[in-house]
Each structure stands twice: as structure tokens, then as C-alpha cells.
Amino acid sequence: MSQSDHLTEAELRRRLAEAEAALAALARARAGGWRVALEAEGPEELRLAPARALGIGLVRVPFSPALASAPAALAAPGAELVLAQADRPVAIAWGWQHGVRLFQGRLVERRRG
């Protein structure tokens with residue numbers, strides 16, 4: 001086993017401390033009435049997003065051709081989706097057609113303003 005195949009005790013402790021801090025921040029946000037979103041960069045990350053395990057109710061994913069060609073990934077996170085970068089009507093129409101009801105992007109912001 002090479003050095004890169006395992007963690008040192010110090011590295012493991014550091015990573016566990018970071019995870020504890022993240023979970024504490026999540027608890028504080030919830031206690032303050034905030035909705036927390038997990039970021040996914042695309043369909044692959046969306047499939048791996050541990051939203052349900054962390055008790056996170058939102059997953060934010062940008063609209064992209066890769067996402068448009070993999071709509072099955074939308075069912076993966078077990079959380080409500082926010083379709084980001086919804087800058088054109090086609091992105092919103094695609095999201096709406098696939099069950100997305102929350103959108104972010106220039107088009108949405110312009111209509112609010």
C-alpha cells in the first residue's frame with residue numbers, strides 16, 4: 001500500500017473535525033429558519049448528492065446540455081431541486097416538464113425585478 005492509499009491519523013482527525021463543523025453549521029442554519037441547499041455541478045454529482053442522508057431539503061444544479069440529456073438524474077437526490085442558470089426560456093420549460101418548480105438565473109431575476 002502506498003502513502004497515497006491511506007490517511008494519516010492527523011489527516012483523518014482533520015477531516016472528521018471539518019465534517020463536525022459542517023454538520024454544526026447546518027444545524028445552526030436550520031435553527032435560524034434557513035433552507036440549506038446542497039450544490040451539485042451536474043448529473044453525475046446530482047446522482048451522488050447525499051441530501052437525504054444529511055437531511056437537506058434542497059439540491060441546486062445548473063442547467064446544462066449534460067443535465068438535459070440525463071433527466072433521470074433529477075430523481076436521485078431525494079430533495080427538492082433548484083434549477084440554476086435558468087437563463088433562457090428553454091431551460092425553464094425543460095425543468096418544468098421534468099418536475100422542477102424552483103429556478104434561479106438571469107431570466108427569473110429579470111422577471112422579479
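Note: the structure precedes this text.
**Some thoughts on the sheet that holds strand 1 (residues 37–39)**
Ordered in space as 1-2-3-4, the four strands form an open sheet in which the pairing is parallel. At either margin of the open sheet sits one strand with a lone partner, and together these are strand 1 and strand 4 (102–103).

**Observations regarding the packing of aromatic side chains**
What the rule picks out here adds up to one aromatic pair. One cation-aromatic arrangement involves R101 over W96; the distance from NZ or CZ to the ring centre is 3.7 Å.

**Brief notes about the environment of R30**
Tracing the backbone through its elements, the reader meets R30 in helix 1 (residues 9–31). Judged by its relative accessible area of 40%, R30 is partly exposed. Distance in space between the C-alpha atoms of R30 and I56 is 9.5 Å, their sequence separation being 26 residues. When near neighbours in sequence (up to four residues on either side) are disregarded, R30 contacts L54, G55 and I56.

**Quick word on helix 5 (residues 89–97)**
When we look at burial in helix 5, the residues that qualify are A91, W94 and G95. An end-on view of helix 5 places all buried positions within 95° of arc, on one side of the element. In helix 5, the exposed residues that point more than 90 degrees away from the buried face are P89, W96 and Q97. The elements touched by buried residues of helix 5 are helix 4 (65–68), strand 3 (80–84) and strand 4.

**Looking at helix 1**
If you check helix 1, its first and last C-alpha atoms are 33 Å apart, about what 23 residues at 1.5 Å a residue would give, namely 33 Å. Immediately downstream of helix 1, the backbone of G33 shows phi near 85°, a positive value.

**Quick look at the pairing of strand 2 (residues 58–62)**
Counting buried positions along strand 2 yields four of five residues, so the element is predominantly enclosed. Relative to strand 2, strand 1 is paired through three bridges, and the arrangement is parallel. Bridge pairing in strand 2 links A37 to L58. Two strands pair when backbone bridges link them, and strand 2 and strand 3 are joined in this way by five bridges, in the parallel orientation. Among the inter-strand pairings, R60 is bridged to a residue of strand 3, identified as V82.

**Regarding the pairing of strand 3**
Within strand 3, four of the five residues are buried, leaving the element largely enclosed by the surrounding structure. Alignment of strand 3 against strand 4, held across two bridges, turns out to be parallel. Directly across from L83, in strand 4, lies its bridge partner F103. Taken together, strand 3, helix 5 and strand 4 form a β-α-β motif whose crossover is right-handed.

**Topic: a nonpolar patch on the surface**
Side chains of L7, L12 and L16 sit close together on the surface and give an oily, nonpolar patch of about 260 Å² of accessible area. As for its placement among the helices and strands, L16 is situated in helix 1.

Definitions and limits used
Each residue is numbered by its place in its chain's sequence as written, counting from 1. Residue-level local features of this predicted model are given only where pLDDT is at least 70; pairs of side-chain atoms are given and counted only at 80 or more, and the full residue set underlies all totals for whole chains, interfaces and linings. With hydrogens and water stripped out, all remaining heavy atoms of the structure feed into the side-chain values. When DSSP finds at least two bridges between two strands, those strands are taken to pair. Secondary structure elements are defined from DSSP: runs of H or I of at least 4 residues count as helices, runs of E of at least 2 residues count as strands, and each element is numbered from the N terminus. What counts as a ring pair is set by centres within 6.5 Å for rings of Phe, Tyr and Trp (its six-membered ring), and what kind of pair is set by the plane angle: stacked under 30 degrees, edge-to-face over 60, tilted for all other angles. Here, a charge over a ring is recorded when the distance from Lys NZ or Arg CZ to the ring centre is within 6 Å and its angle to the ring normal is within 35 degrees. Three exposure classes are used, based on accessible area relative to the maximum for each residue type with a 1.4 Å probe and protein chains only: buried under 20%, partly exposed in between, and exposed over 50%. Two residues form a contact once any of their heavy atoms are found within 4.5 Å. Throughout, the arc means the angular range of directions from the helix axis out to the C-beta atoms. The length a helix should cover is 1.5 Å for every residue beyond the first. Here is how to tell: hold the view so the strands point away, follow the path from the first strand over the helix to the second, and if it runs clockwise the crossover is right-handed. Candidate patch residues must exceed 30% relative accessible area and have no salt bridge, after which like charges are joined if within 9 Å and Val, Leu, Ile, Met, Phe, Trp or Tyr side chains if within 5 Å. Here the open area of atoms and residues is found with the Shrake-Rupley method and a 1.4 Å probe, where only the protein chains shown may cover a residue. Criterion for a salt bridge: a side-chain nitrogen of Lys or Arg within 4 Å of a carboxyl oxygen of Asp or Glu.

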